[in-house]
Amino acid sequence: MKFAVVVFPGSNSDHDAQYAAERVLGQQAEFIWHKDTSLRGADAVILPGGFAHGDYLRTGAIARFSPIMDAVRKFAEAGGPVLGICNGFQVLLEAGMLPGAMLRNRGVKFVCEHVIVKVEQTDTPFTLACHPGQTLRIPIAHGEGNYYAEPDVIARLEKNRQIIFRYTNAAGVPTDESNPNGSVANIAGLCNERRNVVGLMPHPERACELAVGSADGLVVLESVVRAVKGGRGAFSEDTFDLMTSTRESVLGK
Amino acid sequence: MRARVFVTLKPSVFDPQGKTVTDALHTLGFAAVRDVRQGKYFELDLDALSADDARRLASEAADKLLSNPVIESYRIEIVDEVIA
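Every value quoted in this text rests on a predicted model; they were computed, and no experiment measured them.

### Observations regarding the overall build of chain A
Part 1: Secondary structure summary: chain A contains six helices and eleven strands in total.
Part 2: Whereas a compact globule of 253 residues would reach a radius of gyration of roughly 18 Å, chain A reaches 16 Å, a difference of no more than 12%.
Part 3: For the C-alpha atoms alone, the extent of chain A along its principal axes is close to 45 × 45 × 40 Å.
Part 4: A total of 253 residues make up chain A; the buried ones form 57% of that total.

### Things to note about the overall build of chain B
Part 1: Each helix and strand counted, chain B has two helices and three strands in total.
Part 2: From first element to last, N terminus to C terminus, chain B shows the α and β order β-α-β-α-β.
Part 3: For 84 residues, the compact-globule estimate of 2.2 N^0.38 gives 12 Å, and chain B exceeds it by more than 25% at 16 Å.
Part 4: In terms of overall dimensions, chain B has a C-alpha envelope of 45 × 30 × 15 Å along the principal axes.
Part 5: When each of the 84 residues of chain B is scored for burial, the buried share is 15%.
Part 6: Nonlocal contacts in chain B, meaning residues at least 24 apart in sequence, comprise 66% of its contacts between residues at least 6 apart.

### Describing the interface of chain A and chain B
Part 1: Of the residues lining the interface, 13 residues belong to chain A; the matching set on chain B comes to nine residues.
Part 2: When contributions to the side of chain A that touches chain B are tallied by element, the ones reaching two or more residues are β5 (101–103) and β8 (146–148) of chain A.
Part 3: By residue class, the composition of the side of chain A that touches chain B is six nonpolar, three polar and four charged.

### Let's talk about the sheet that holds strand β7 (residues 135–142) of chain A
All names here are of chain A.
Part 1: Pairing is mixed across the open sheet formed by nine strands, whose spatial order is β2-β1-β3-β4-β11-β10-β9-β6-β7. Pairing within the sheet leaves two strands with one partner each, and these edge strands are β2 (28–33) and β7. For this sheet the average axis-to-axis angle between neighbouring strands, irrespective of direction, equals 25 degrees.
Part 2: Sheet analysis places strand β6 (residues 111–119) next to strand β9 (residues 163–167), joined by three bridges and oriented antiparallel. Bridge pairing links Val117 to Tyr167 in β9.
Part 3: On top of the sheet, helix α2 (residues 68–77) reaches β1 (2–7), β2, β3 (44–47), β4 (82–85) and β11 (197–200); it is set at about 130 degrees to β4, its chief contact.

### Quick look at the nonpolar core
Part 1: With 78 residues, the main nonpolar core has A:Val5, A:Val6, A:Val45, A:Val72 and A:Leu92 as its most contacted residues.
Part 2: Beyond its immediate chain neighbours, meaning those up to four positions away, A:Leu92 contacts A:Leu47, A:Gly84, A:Met97, A:Leu98, A:Val197 and A:Gly199.
Part 3: With seven residues, the next largest nonpolar core counts B:Met1, B:Ala3, B:Ala54 and B:Ala58 among its residues.

### Considering the pairing of strand β10 (residues 187–191) of chain A
Residues and elements named next belong to chain A.
Part 1: Among the five residues that make up β10, five are buried, leaving the element largely enclosed by the rest of the structure.
Part 2: Bridge count between β9 and β10: three bridges; the pairing is antiparallel. Each residue of the ladder has a partner; that of Phe165, found in β10, is Gly189.
Part 3: Two elements, β10 and β11, share three bridges in a ladder whose sense is antiparallel. Along β11, the bridge assignment pairs Cys191 with Val198.

### Concerning the sheet that holds strand β3 (residues 72–79) of chain B
Residue and element names in this part refer to chain B.
Part 1: With antiparallel pairing, three strands are arranged side by side in an open sheet as β2-β1-β3. Strands at the two margins of the open sheet, each flanked by one partner only, are β2 (40–45) and β3. Pairwise comparison of adjacent strand axes, ignoring direction, gives a mean angle of 20 degrees for this sheet.
Part 2: Pairing geometry for strand β1 (residues 2–9) and β3, over eight bridges, is antiparallel. Looking at β3, one finds that Val7 is bridged to Tyr74.
Part 3: Across the sheet, helix α2 (residues 51–66) is in contact with β1, β2 and β3; its angle to β3 comes to roughly 155 degrees.

### Notes on the pairing of β1(B)
Part 1: When β1(B) meets β2(B), the two strands line up antiparallel, connected through six bridges. Looking across to β2(B), one finds that B:Ala3 is bridged to B:Leu44.

### Details of α2(B)
Residues and elements named next belong to chain B.
Part 1: Taking 1.5 Å of rise per residue, the 16 residues of α2 would be expected to cover 22 Å, yet its terminal C-alpha atoms sit only 20 Å apart, more than 12% below that figure.
Part 2: Of the positions making up α2, those classed as buried are Ala54, Ala58, Ala62 and Leu66. Seen end-on, α2 carries its buried residues on one side only, within an arc spanning 70 degrees. In this structure, α2 carries Asp52, Glu60, Asp63 and Lys64 as exposed residues pointing more than 90 degrees from its buried face.

### Observations regarding unusual backbone geometry
Residue and element names in this part refer to chain A.
Part 1: Even without being glycine, Asp55 reaches a positive phi, approximately 60 degrees.
Part 2: Its identity is not glycine, yet Arg161 carries a phi of approximately 55 degrees, on the positive side.
Part 3: Residue classification places Arg161 among the partly exposed residues on the basis of 14 C-beta atoms within 10 Å.

Criteria and thresholds
Residues numbered from 1 in each chain as written. Chains lettered and ligands numbered in written order. Predicted model: local features only at pLDDT ≥ 70, side-chain atom pairs only at ≥ 80, totals over all residues. Helix = DSSP H or I, 4+ residues; strand = E, 2+ residues; numbered from the N terminus. Rg over C-alpha atoms; globule rule 2.2 N^0.38 Å. Buried ≥ 20, exposed ≤ 12 C-beta atoms within 10 Å, placed from the backbone. Contact = placed C-beta atoms within 7 Å. Nonpolar A, V, L, I, M, F, W, Y, C, P; charged D, E, K, R; others polar. Pairing = 2+ DSSP bridges. Axes fitted to C-alpha atoms, helices over the stretch in contact; angles between N-to-C directions. Core = buried A, V, L, I, M, F, W, Y, C linked by C-beta atoms within 7 Å. Expected span 1.5 Å × (residues − 1). Arc of directions from axis to C-beta.

Any functional reading would require information that these geometric values do not contain.
Listed below in structure tokens is the structure:
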């Protein structure tokens with residue numbers, strides 16, 4: 001399969017994403033400059049981490065108007081899997097492709113460390129190979145990851161099971177101590193209603209080999225490879241069953 | 001014509017920077033400071049427009065780019081002055 005890794009001026013995790021997709025997972029990954037207007041037939045899109053446009057004004061506020069974003073939006077509307085990592089998540093929020101917004105971290109500091117996140121839902125193309133409730137030890141690196149949405153929005157996210165990752169302790173319990181940035185409800189990542197667009201602050205692509213301290217993030221990218229190979233590039237209602245059976249076969253090993 | 005756009009976090013939204021500034025002011029002895037909310041201030045220098053048109057344009061810019069309606073609100077002042 002082929003990943004499109006969108007490159008904004010100021011992206012810095014684009015090469016990490018490409019490395020994970022190509023060198024670790026053996027898939028294709030093509031860089032797409034933000035001024036391009038085509039995703040060139042990619043099966044999945046990654047909006048990588050970094051500081052697009054210097055994070056000026058607000059994180060993601062300017063990147064959302066990049067020409068490539070029209071193609072990303074159309075791709076998502078057609079059911080294609082889109083993953084926003086860190087700054088990419090912030091871009092998806094600003095673009096309105098996911099609900100909510102980011103505030104400065106509760107402690108004001110830029111936080112760069114490994115954290116534990118729990119996989120809350122496995123029926124997305126980026127978590128289908130996970131065990132329900134699986135905890136992943138993956139790094140965060142952000143100054144503005146304090147997720148915020150109005151209480152009615154949070155209630156809707158909970159009801160629709162759109163909260164996909166939560167910061168937890170090692171036992172998988174979301175505590176205040178395990179919340180690195182003050183995010184509402186310990187939210188580390190979420191999906192859209194259709195479940196094909198996922199954003200998360202932690203960096204799974206930076207945790208794909210034991211040599212870098214953790215390979216726990218690999219399952220996120222492995223998931224979408226499986227989703228695409230089963231779903232022929234598009235993630236739709238019809239592929240849910242396939243994804244479920246795929247997950248069961250993975251877990252059965 | 002100049003438009004001044006003040007973007008502030010909604011009252012319901014916690015402001016970590018404002019809290020830090022509040023704490024710093026307290027440390028410096030500004031005991032009477034109850035709270036600080038930090039925001040953003042933009043000056044838009046505009047082509048000559050009617051005040052109504054200037055307000056409309058500034059409002060459009062604030063809606064589309066300068067503010068994020070999820071967490072922020074804004075207020076606009078129009079200043080009829082020649083920019084040197």
